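Next come the chains, spelled out residue by residue.
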Amino acid sequence: MAVPKKRAGKCAQGHRRSHWKASVPEMVKCSNCNEMALTHTVCGNCGFYGGKLVSEKLAEK
Ligand SMILES: [Zn+2]
C-alpha cells in the first residue's frame, strides 16, 4: 500500500475537507398520519410503513 512520504499540511487538509458536507435527511410525508418521516423507514409517529401497521409499540404512543 502506498504510504505518504510527508505529512499533509493544514492547507492540503483543508482542501481535502472542503468537500465534506452535511446532507439533509430525505423526508417524506407519512401516508397515515401526515407527519414527516424518513424514507424507507417505519413512521416514528404512528408505526405505519407502506400503508400497513408495522410497529404496535410506536402506534400506542
Ligand atoms: Zn405516520
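Here is what the cut-offs are and how they apply
- All residue numbers here refer to positions counted from 1 along the written sequence of the relevant chain.
- In keeping with the predicted nature of the model, local features appear solely for residues at pLDDT of at least 70, side-chain atom pairs appear and are counted solely at 80 or more, and the whole-chain, interface and lining totals rest on all residues.
- The side-chain values count all of the structure's non-hydrogen atoms but skip hydrogen atoms and water molecules.
- A helix here means a DSSP run of H or I that spans at least four residues, while a strand means a run of E at least two residues long, and both kinds are numbered starting from the N terminus.
- Using C-alpha atoms as the atom set, the radius of gyration is obtained and then compared with a globule rule of 2.2 Å times the number of residues to the power 0.38.
- Contacts: residue pairs with any heavy atoms within 4.5 Å of one another.
- Charged residues are defined narrowly, with Lys and Arg counted positive, Asp and Glu counted negative, and His plus the chain ends left uncounted.
- Note on charges: their place is set at NZ of Lys, CZ of Arg, CG of Asp or CD of Glu.
- Note that water is not among the atoms considered, so a metal site may appear incomplete; the donors listed are N, O and S atoms within 2.8 Å of the metal, with 3.2 Å applied to Na, K and Ca.
- All geometry calls rest on donor angles, where a four-donor set with angles between 85 and 135 degrees is tetrahedral, four- and six-donor sets with opposite donors more than 155 degrees apart and all others between 65 and 115 are square planar and octahedral, and all else is irregular.
- Only protein chains enter the accessibility calculation, which uses a 1.4 Å probe; a residue is then buried when its area is under 20% of its type maximum, exposed when over 50%, and partly exposed in between.
- Patches here are clusters of residues that have more than 30% relative accessible area and form no salt bridge, with a 9 Å joining cutoff for like charges and a 5 Å cutoff for nonpolar side chains (Val, Leu, Ile, Met, Phe, Trp, Tyr).
- Values of accessible area rely on a 1.4 Å probe in the Shrake-Rupley scheme; residue burial ignores everything except the protein chains shown.
- Every case where a carboxyl oxygen of Asp or Glu lies within 4 Å of a side-chain nitrogen of Lys or Arg is listed as a salt bridge.
- Each residue gets a pLDDT score, which is the predictor's confidence in that residue and runs from 0 to 100.

Colleague: Now, about the overall build of the protein chain: what can you tell me, with residues and values included?
Modeller: The secondary structure content of the protein chain amounts to two helices and four strands. Overall, the protein chain shows an N-to-C arrangement of helices and strands of α-β-β-β-β-α. For the protein chain, the C-alpha radius of gyration of 21 Å lies well beyond 10 Å, the compact-globule estimate for 61 residues. In terms of its C-alpha atoms, the protein chain occupies a principal-axis envelope of roughly 60 × 25 × 20 Å. Long-range pairs, those at least 24 residues apart, make up 0% of the contacts in the protein chain between residues at least 6 apart in sequence. Averaged over its 11 positive side-chain charges, the protein chain has a centre that lies 28 Å from the centre of its 4 negative ones.

Colleague: Would you mind going over the coordination of the zinc ion in detail, with residue names and values included?
Modeller: The protein atoms donating to the zinc ion are Cys30 (SG), Cys33 (SG), Cys43 (SG) and Cys46 (SG), with metal-donor distances spanning 2.2 to 2.3 Å. Viewed at the metal, the four donor atoms of the zinc ion are separated by angles of 106 to 112°, and the geometry they form is tetrahedral. Classification of Cys30 by relative accessible area gives buried; the value is 7%.

Colleague: Could you give an account of unusual backbone geometry, naming the residues involved and the relevant values?
Modeller: With a phi close to 65°, Asn34 is a non-glycine residue in the positive phi region. Its location among the elements puts Asn34 in the loop between β1 (27-29) and β2 (36-38). We note that His40 has phi near 55°; this positive angle belongs to a residue other than glycine. Within the secondary structure layout, His40 lies in the loop between β2 and β3 (48-49).

Colleague: Help me get a handle on a nonpolar patch on the surface, residues and values and all.
Modeller: A cluster of nonpolar residues, Met27, Met36 and Leu38, forms a patch on the protein surface that exposes about 280 Å² of accessible area. Residue position: Met27 is located in strand β1. Given a relative accessible area of 37%, Met27 falls into the partly exposed group.

Colleague: I'd like a description of the confidence of the model for the protein chain, backed by residues and values.
Modeller: This prediction gives the protein chain a mean pLDDT of 90; 98% of its residues lie at or above 70. In the model of the protein chain, helix α2 (residues 56-60) stands out as the element of lowest mean pLDDT, 76, in contrast to helix α1 (residues 10-17), which has the highest, 95.

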